[in-house]
Amino acid sequence: QNINDTMTVLPKLSTGLDVNVRFTGVSDFEYTPECIVFDLLNVPLYHGWLVDPQTPEVVRAVGKLSYNQLVEKIITCKQASDSSLVSEGLVAEQFLESTASQLTYHGLCELTAAVREGELSVFFRNNHFSTMIKHKGHLYLLVTDQGFLQEERVVWESLHTVDGDSCFCDTDFHLSQDGAAAAAAVPPDRRLQQRQVDQDYMIALSLQQGQEPAGLSDLELARQLQQEEYQHQLQPQHPPHPQQLPAQARGRAAGERRQRQKPDLDCTLL
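Computed from a prediction, not measured in an experiment: that's the story for all the values here. Along each chain, residues carry numbers from 1 onward, in the same order as the chain's sequence is written. Where local features are concerned, this predicted model is filtered to residues with pLDDT of at least 70; where side-chain atom pairs are given and counted, the filter is 80 or more; whole-chain, interface and lining totals use all residues. Side-chain calculation: all heavy atoms of the structure are included, whereas hydrogens and water are not.

Caption draft 1: Local environment of the confidence of the model for the protein. Confidence per residue, as judged by the predictor, is encoded in pLDDT with a range of 0 to 100. Per-residue pLDDT for the protein averages 77, and the proportion of residues at 70 or more is 66%. Averaged pLDDT values for the elements of the protein fall to 41 in helix 10 (residues 247-261) and rise to 96 in strand 1 (residues 45-46). Note on contacts: a residue pair qualifies if any of its non-hydrogen atoms lie within 4.5 Å across the two residues. Every residue in residues 211-218 is under pLDDT 50, and counting partners more than four places away or in other chains gives seven contacts. Below a pLDDT of 50 lies the segment residues 239-264, which in the model reaches four contacts outside its immediate sequence neighbourhood of four places, other chains included. In DSSP terms, a helix is any run of H or I states spanning at least four residues, a strand is any run of E spanning at least two, and both are numbered starting from the N terminus.

Caption draft 2: Seen up close, a nonpolar patch on the surface. Here, patches come from residues exposed beyond 30% relative accessible area and free of salt bridges, joined within 9 Å for like charges and within 5 Å for nonpolar side chains (Val, Leu, Ile, Met, Phe, Trp, Tyr). Here the accessible surface of atoms and residues is derived via Shrake-Rupley with a 1.4 Å probe, and residues count as covered only by protein chains that are part of the display. Think of a salt bridge as a Lys or Arg side-chain nitrogen and an Asp or Glu carboxyl oxygen that are within 4 Å of each other. Nonpolar side chains collect at one region of the surface, where I3, M7, L10, L13 and L40 lie side by side and expose about 480 Å² of accessible area between them. Mapped onto the fold, L13 is located in the loop between helix 1 (2-9) and helix 2 (33-40). A residue is classified by how much of its surface remains accessible, and L13, at 48% relative accessible area, is partly exposed. Relative accessible area decides the class of each residue, using a 1.4 Å probe on protein chains only: under 20% of the type maximum gives buried, over 50% gives exposed, and in between gives partly exposed.

Caption draft 3: Fine view of the packing of aromatic side chains. Centres within 6.5 Å are what make two rings of Phe, Tyr or Trp a pair, Trp counting through its six-membered ring; a difference in plane orientation under 30 degrees is then read as stacked, over 60 as edge-to-face, and the rest as tilted. Taken as a whole and assessed by the stated rule, the structure comprises nine aromatic pairs. When the centroid spacing of 4.9 Å and the interplanar angle of 55 degrees are considered together, the rings of Y140 and F173 count as tilted. Of this pair, Y140 sits in strand 4 (residues 138-142) while F173 is found in the loop between strand 6 (168-169) and helix 7 (177-185), placing the two residues 33 residues apart along the sequence. No difference in accessibility class separates Y140 from F173, as the two residues are buried.

Caption draft 4: Representation of the pairing of strand 2 (residues 120-125). Burial of strand 2 is extensive: five of the six residues sit out of reach of the surface. Pairing between strands is defined by DSSP: at least two bridges between the two strands are required. Sheet analysis places strand 1 next to strand 2, joined by two bridges and oriented parallel. What sits directly across from Y46, in strand 2, is F123. The sheet contact formed by strand 2 and strand 3 (residues 128-135) spans six bridges and is antiparallel.

In structure tokens, the structure reads:
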């Protein structure tokens, strides 16, 4: 039966898998047919979205619920007449908002302790799966962002902070100067933008293939909207790229640049 379930899941690999994390452990996921693939192939699946045990009010609010169950609880608590339930729902919602990156310091520490040295595994974060390895006590993620496609010496990205301030290494885990230069030239949120582009492409592909959800209940629709809201908080707002401006605006901007570049014989710019 597991093999049959796996054969059903394998075609979904082209558009992505849906897994549901629990906030109690780095290997805790709601058991779904998608997880069977990792079990049969003996590939560990980890995440780092954990509740800090030193915050008892958050521990009580989140409990052993999965992400989907916690979103449902928040919606229910907001509609409750009991003030204690409303307060508990607000605490749970604050936890999701404050950990929108889906990685906590406690989770990172537990992740470093759980992963074995030299073990190849899969790291789940922000609806994306990354290849992860532990080398000399440090965690690294395989770099797959298109922005580093031409950087031959950029192979691994360190996973040692929650805020995304990482280092790039070559295939031998030596610090890559090319990666440092590329990271300096690329905006800090480039990776989040690329992940969002990938996710949007997969959603569009699924809709094109006729896989759009139908007959969503009110609760499922509310949960979907809640998830989209949390994902939207991860995306910073940027002004439009010059290539995205209308042709008239681009022409005017180019003309202005040519006028500024024209030498002035009456003055000297230092």
